[in-house]
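As a plain string of letters, each chain reads:
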Amino acid sequence: MGKAASWPQRGAVAASAGGTSAVWGECQGSGSKPYLAAVHLDGGTGPAYKCSCPSRKIPCKHVLGLLALWAQGEVADREDKPSWVGSWLDGRAARQARAADPAKAAPADPAKAAATLRAREEAVAAGLAELRLWLHDQIDAGLAEVPKHGYDHWDRMAKRLTDAKARGASGWVSRLPSVARQESWPERVLEHLGLLHLLIDGYGAGDALGERTRGAIRSRVGITLKADEVRAGGESVGDTWVVLGRRTVPGAEDDMTGLRVWLRGARTGRTALALSFGRADQAPTTPYRLGTAVEADLSFYPDGHRVVPDPGTELPGPVPQGTTVAGALDAHAAVLAEDPWRETWPVVLADAAPARDDRWYLADPGGDALPLATGVPRRLLAVTGGRPATVAAEWSPAEGLTPLAVWDRTGKAIPL
Amino acid sequence: MTTPSPAPDSWDLLVSAALVGTARRAVPETPDLPATGESEGAAALLDRAALATVRRLAGYTPARVDPIDPDPGPDLPEVGEQAVRRLEAILADRSELLPEWLELVAAAGLRAPAEHLPALLDRGARDSALRSAVAAAGGSRGRWLARFDPDWAYLLTESDPADVFDEDTWLHGTEGERRRMLGALRAADPARGRELLAAVWPDLRKAELRRRLLEAMETGLGPEDADLLETALDDKGANVRGLALSLLTRLPHSAHADRLRDHVRAHAGPGPKDTVVVTPVEPDEAGLLRDLALARPTGEIGLRERSEYLWTLVTRTPLDVWTDLLGTDPAGVLERVARSGDDELHDALLNAIGVQEDAVWARAALGLLEGRVTDRMVKAARGRRSLQLEPLLRVLPVGERCALVERSFGPGTGTRDVWSLLNAVPGPWTAKLVHQVVDRLGGKGWDRDQGGYRSVCLLVAERTPPELVHDLPRETPNLAAVGGGPSDHAYQSLLNTLRFRLDMHKELV
């Protein structure tokens, strides 16, 4: 962690007044994706830290390792920087400016809001048109040089998309440098570019697509709705929502932590995703606790999955209904048909047992098995003793299963 | 990842075309994919790549892998829900109470909660002092779990009361399993265990394995084991020899012990004016280094080496040699040594008392017989000899050791001396000692030293039997004198810790 070799990409951002403004680096760990760590040193209120690792410690060991390296003079000033660093620092600067001048936080005005939205859609369309040409240029020129491109190459496009208010699309572009460092990068980069191209086409197709697909596209591009708007106009579904599990993830915005809580309707079988966010030093909160269910009318975002969290009435949670591996994959395929950009989906496997050859799996009683994204599933093994149990997990074909919760013999839910 | 591609050829063609670039290479035909709107150029390639990608994602086919063998069980019953919450609090910020919690769990015949076994096994991996307690409280589920993480392998070598000797495992098992088999056999039939170890001893190639198996001899150790231990004393491995010597030290009637007595007699004797005279110990004396498990030095023999020889010789030789040699009781021996001004010999004797766990000598050393307890103990506690106080006190029964300390500090003893003394007294403390300490907290003679006050409170919280909490004052004693603030807080957290421990005991009966 504190060794230069663990940080193939790193740099310091010089402050305009001299000295160092920020230090950043990409830590190559055991996983396929590097951890992105950065420290903002001259932010005014003491240093701020950011890291994409799941640790709740702030600063985490990656940040500390990076600082140790910097202190040893192993992190040189660098002109270019990845866009995740740039946008984080920009966001912090903007928030500081806003905090200094509260008058700029404009109040809402419906007519003005509608005009703003139209202007935004047009700006996004223009940004995406430019992105389309840029993508074509990349493919025309060939991807062979991709790993050699500096951050500037990607950053310019990502910045233009941010300026065009397409922050979601901008995020897709800024992830390219790290995609290009993964194993079998030509395939990963082409997948990434192909899906991005599909997103642009999807945005252009507009009403020709189903409502959920349109909703998914708009939110992925970066046109988001406020919770109030969803409550007012979104689909409302009443059910007993069983909490399947939760997972802390890096937030959409850069110094935020996101918390995903997955719920499943006991009567409708609907899957609901409650997202909450916290700023760097403050953990996100959620009304939902594992082992419970809530009786509530939930308002769905247009993508048909995300909901506005509503505490409802808490009840003891039953063990959720599980499926076989094949059943889970079928459900995932159906979701991809509506939202091919979806990277993760909750599955509940019934009678799933830990299995192992050169890595760990969860196997159903029929012998079908899905690989785990994690290492040894220590807590799952401890709780089940290797016996079949109901397990909720997030499924990603690229990463594997990330276990969220297991229900033990007594029906008690245990977070994983 | 075992993602079989539904269209490997098309996908591979698309990837290689994308690498070269559509400016130089035509977009490949992909008849296995649905038609796309564009038919040439970068747009067509990207459209087809997207199709192939989504098809790969949606068409994921599962692997076929056999589940692992589950824990055969059955296991001890798990602790109750309240004890689970208690453990969570301990893991979060009361680590110092973890050993006590684990011991209570094992004593109650219960097992730690399954969901927290990984965290407990991790603690054991980091802290070897916790290992046997983790093994006992982890039950058979803990041992089953330990095989899945190399960091937890230590657990597999910890003895299990349920172990039953099995010839096949003894001969062909892993190092840890063989160690456990021998331990189980020694508990049931020490003689047979010794015979089996003696039979394989010459064939054990690794010194570490010899050491670990020799460790099992500790169970059921008796005079008949001396011959095997003598063999081990000739071992090539220094750790094996050291362990053999430790075990031999517990057999004061062995031939080895007699040889050590002879060595002492050859070098020590009564001197003039009731003193003791010791002559330098030389390395080439017949068998001396071998009997002390020491390596023959390669360089010159200096003061340091001679000191080490004397220290080891005194530590390992049965203490009775001194009373015989000088014709007096232990107190007399210690006095003569003190009168001789030989600090080296004096310290070595105190060390021997702790190592040999001799209560009679411990009482003598603690000055009990002379009524000068306070001076001696405080001096010992304060000085560089403070380390020796604890082993001496440890060999005395609880009541006696606490009573001794009660008499050892008076109104004039400063905070730091009180702490040094108390720190040397293993728990659990008697009610009388606890009350005496608490009454004196912050009283006359105490330094206005918040750190010292707090340290004493921490000791009391750790070593007081928790049921005494009801008898202790709720208000901080001498609050006005200590000036509130940190000291008040320290005393109140002492009470909190005792209440916490009391609840913990009640939950694990």
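The rules behind each value
Residues numbered from 1 in each chain as written. Chains lettered and ligands numbered in written order. Predicted model: local features only at pLDDT ≥ 70, side-chain atom pairs only at ≥ 80, totals over all residues. Heavy atoms only, no water. Buried < 20%, exposed > 50% of the residue type's maximum accessible area, 1.4 Å probe, protein only. Helix = DSSP H or I, 4+ residues; strand = E, 2+ residues; numbered from the N terminus. Pairing = 2+ DSSP bridges. Axes fitted to C-alpha atoms, helices over the stretch in contact; angles between N-to-C directions. Contact = heavy atoms within 4.5 Å. Phe/Tyr/Trp six-rings, centres within 6.5 Å; stacked < 30°, edge-to-face > 60°. Lys NZ or Arg CZ within 6 Å of the ring centre and 35° of its normal. Expected span 1.5 Å × (residues − 1). Arc of directions from axis to C-beta. Buried area = accessible area lost by both parts, 1.4 Å probe. Salt bridge = Lys/Arg side-chain N within 4 Å of Asp/Glu carboxyl O. Polar contact = N/O pair within 3.5 Å; in protein donor to acceptor, adjacent residues only side chain to side chain.

Engineer: Explain helix H18 (residues 330-340) of chain B residue by residue, including any values.
Structural biologist: Along an α-helix, residues three or four positions apart point the same way, because every turn accommodates 3.6 residues. Among the residues of H18(B), those classed as buried are B:Pro330, B:Ala331, B:Gly332, B:Val333, B:Leu334, B:Arg336 and B:Val337. Looking one or two residues past H18(B), B:Gly341 carries a phi angle of roughly 70 degrees, positive in sign.

Engineer: I'd like a rundown of the sheet that holds strand S2 (residues 20-27) of chain A, residues and numbers included.
Structural biologist: Sheets are built from strands paired through backbone hydrogen bonds, the pairs being either parallel or antiparallel. All names here are of chain A. One open sheet accounts for 4 strands, arranged S1-S2-S3-S4; its pairing is antiparallel. Each edge of the open sheet is held by one strand with a lone partner, namely strand S1 (9-14) and strand S4 (48-51). In this sheet, adjacent strand axes meet at a mean angle of 10 degrees when their direction is disregarded. By the bridge criterion, 6 bridges tie S1 to S2 in an arrangement that is antiparallel. Counterpart to Ala14 in the pairing with S2 is Thr20. Of the strands in this sheet, S1, S2, strand S3 (35-40) and S4 touch helix H1 (residues 61-71), which is tilted by about 60 degrees from S3.

Engineer: Go over the pairing of strand S6 (residues 256-265) of chain A with me, naming the residues and quoting the values.
Structural biologist: All names here are of chain A. Extensive coverage of S6 is indicated by the burial of 9 of its 10 residues. Direction of pairing for strand S5 (residues 235-250) relative to S6: antiparallel, over a ladder of 9 bridges. Bridge pairing in S6 links Trp241 to Gly265. Two strands pair when backbone bridges link them, and S6 and strand S7 (residues 271-279) are joined in this way by 9 bridges, in the antiparallel orientation. Looking at the pairing, Arg260 lines up with Leu275 of S7.

Engineer: Tell me about the packing of aromatic side chains, residues and numbers included.
Structural biologist: Summed over the entire model, instances satisfying the criterion amount to 7 aromatic pairs over all chains. Judged by centre distance (5.5 Å) and plane angle (70 degrees), the ring pair of A:Trp360 and B:Phe148 falls under edge-to-face. One end of the pair, A:Trp360, is in strand S12 (residues 360-363); the other, B:Phe148, is in the loop between helix H6 (131-146) and helix H7 (154-157), on a second chain. B:Phe148 shares its class with A:Trp360; the two are buried. Taking 4.9 Å as the distance between ring centres and 70 degrees as the angle between the ring planes, the aromatic pair formed by B:Trp144 and B:Phe148 counts as edge-to-face. Here B:Trp144 matches B:Phe148 in class, with each residue buried. Site record: aromatic cluster; members linked through ring pairs are A:Trp360, B:Trp144 and B:Phe148. Taking the ring centre of A:Tyr301 as reference, the NZ or CZ of A:Arg306 above it sits at 4.3 Å.

Engineer: Quick rundown of helix H3 (residues 81-93) of chain B? Include the residues and the values.
Structural biologist: Residues and elements named next belong to chain B. Taking 1.5 Å of rise per residue, 13 residues should cover 18 Å, and H3 covers 19 Å from first to last C-alpha, within 8% of that figure. Every buried residue of H3 is listed here: Ala83, Val84, Arg86, Leu87, Ile90 and Leu91. The arc that holds the buried residues of H3, viewed along the axis, is 160 degrees, so those residues lie on one side. Facing away from the buried surface of H3 by more than 90 degrees, the exposed residues are Gln82, Ala92 and Asp93.

Engineer: Explain the interface of chain B and chain A to me, and be specific about the residues and the numbers.
Structural biologist: Contacts between the two partners involve 50 residues from chain B, matched on the other side by 58 residues from chain A. In total, about 4,300 Å² of surface goes out of reach between chain B and chain A, with carbon and sulfur atoms giving 62% of it. Per-residue buried area on chain B facing chain A is highest for B:Leu46, B:Val65 and B:Glu115; these three make up 15% of the total on that side. Connecting chain B to chain A are 6 salt bridges. For the salt bridge of B:Asp149 with A:Arg378, the shortest nitrogen-to-oxygen distance reads 3.1 Å. Connecting chain B to chain A are 24 residue pairs in polar contact (both at pLDDT 80 or more).

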